[in-house]
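Structural overview
Each chain, written out:
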Amino acid sequence: MKPKKVPLRKCVACQEMMPKKQLIRIVKTPEDEVLIDLTGKKSGRGAYLCGKESCFKLALKNRALDRALKSKVSPEIYEQLAADFISVEDEFIAAQEREEDE
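Residues numbered from 1 in each chain as written. Predicted model: local features only at pLDDT ≥ 70, side-chain atom pairs only at ≥ 80, totals over all residues. Heavy atoms only, no water.

**Observations regarding the nonpolar core**
Within soluble globular proteins, side chains that are nonpolar tend to cluster in buried spots. Note the following rule: The term nonpolar core refers to a set of buried residues drawn from Ala, Val, Leu, Ile, Met, Phe, Trp, Tyr and Cys, joined through side-chain atoms within 4.5 Å. Categorising residues by exposure relies on relative accessible area from a 1.4 Å probe, with only protein chains included: less than 20% of the type maximum marks a residue as buried, more than 50% marks it as exposed, and the intermediate range marks it as partly exposed. Secondary structure elements are defined from DSSP: runs of H or I of at least 4 residues count as helices, runs of E of at least 2 residues count as strands, and each element is numbered from the N terminus. When checking whether two residues touch, look at their non-hydrogen atoms; a contact exists if any pair is within 4.5 Å.
Counting residues in each nonpolar core, the largest one holds 26 residues, and the members touching the most others are Cys-11, Val-12, Ile-26, Ile-36, Leu-49, Leu-65 and Leu-81. Among the secondary structure elements, those contributing two or more residues to this core are strand 3 (23-28), strand 4 (34-37), strand 5 (45-50), helix 1 (53-62), helix 2 (64-69) and helix 3 (75-101). Here this core gets five residues from one element, more than from any other, and that element is helix 3. Filtering out sequence-adjacent residues up to four positions away, Leu-49 remains in contact with Cys-11, Val-12, Ala-13, Leu-23, Ile-24, Ile-26, Cys-55, Phe-56, Ala-59 and Phe-85.

**Focus on the side chain of Thr-29**
Relative to the helices and strands, Thr-29 is located in the loop between strand 3 and strand 4. Given the relative accessible area of 10%, Thr-29 is considered buried. Those residues in contact with Thr-29 that sit more than four places away from it in its chain are Ser-43 and Gly-44.

**A short note on the pairing of strand 4**
Rule in force here: Any two strands with at least two DSSP-identified bridges between them are counted as paired.
In this sheet, strand 4 lies alongside strand 3 in antiparallel orientation, the contact comprising four bridges. Within strand 4, the position partnered with Val-27 by the bridge is Leu-35. Linking strand 3 back to strand 4 in an antiparallel pair, the connection comprises five residues, with Asp-32 at a positive phi of about 65°.

**A few points about the environment of Arg-63**
Filter applied, for reference: By the criterion applied in these results, polar contacts are pairs of N or O atoms within 3.5 Å in which, for protein atoms, one can donate a hydrogen and the other can accept it, and in which residues neighboring in sequence qualify only through two side-chain atoms.
When you line up the elements, Arg-63 lands in the loop between helix 1 and helix 2. Overall, Arg-63 belongs to the partly exposed group, its relative accessible area being 29%. Sequence separation between Arg-63 and Val-73 is ten residues, and the spatial gap between their C-alpha atoms is 8.4 Å. Within polar-contact distance, the side chain of Arg-63 engages the backbone oxygen of Val-73 at 3.4 Å.

**Some remarks on unusual backbone geometry**
Of note, Gln-15 is a non-glycine position whose phi angle comes to about 65°, a positive value. Looking at the secondary structure, you find Gln-15 in the loop between strand 1 (8-10) and strand 2 (17-19). Notably, Arg-63 is not glycine yet its phi reads approximately 60°, a positive angle.

**A closer look at a nonpolar patch on the surface**
We apply this condition: By definition, no residue in a patch forms a salt bridge, and every one has over 30% relative accessible area; like charges are joined within 9 Å, nonpolar side chains (Val, Leu, Ile, Met, Phe, Trp, Tyr) within 5 Å. Methods summary: accessible areas were calculated by the Shrake-Rupley approach with a probe of 1.4 Å, and residue burial reflects only the protein chains presented. The term salt bridge refers to a side-chain nitrogen of Lys or Arg lying within 4 Å of a carboxyl oxygen of Asp or Glu.
Taken together, the side chains of Val-6, Leu-8 and Met-17 make up a nonpolar region of the molecular surface, amounting to roughly 280 Å² of accessible area. Tracing the backbone shows Leu-8 in strand 1.

**Things to note about the sheet that holds strand 5**
For clarity, the cut-off: Interaxial angle, 0 to 180 degrees, is taken between N-to-C directions of lines fitted to C-alpha atoms, where a helix line uses only the stretch in contact.
In spatial order, the strands read 4-3-5; together these three strands make up an open sheet with antiparallel pairing. A single partner strand is all that each edge strand has here, and the edge strands are strand 4 and strand 5. In this sheet, adjacent strand axes meet at a mean angle of 30° when their direction is disregarded. Relative to strand 5, strand 3 runs antiparallel, the two sharing six bridges. Among the inter-strand pairings, Arg-25 is bridged to a residue of strand 5, identified as Tyr-48.

In structure tokens form, the structure reads like this:
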């Protein structure tokens, strides 16, 4: 039996290729909402970030999300994403550790 193919995605901030499950997806929905998608299944244009706060800050500084989502992301949305990112970061790390244990 051949090994299962692991999908890779690139972090928009640090440009590092990683397995999709190790990245956090930011999605711009068809209703022009920008939010964090932990399931990876919401419809819309997606951009991936490492689970590190430093990558989020780099993406903010370089406006990487603007380019990846192909639209201007307002400062208010960046502030909301920053708050969400910090709260989601612990949950994301815990989910990764559970996967490694299995």
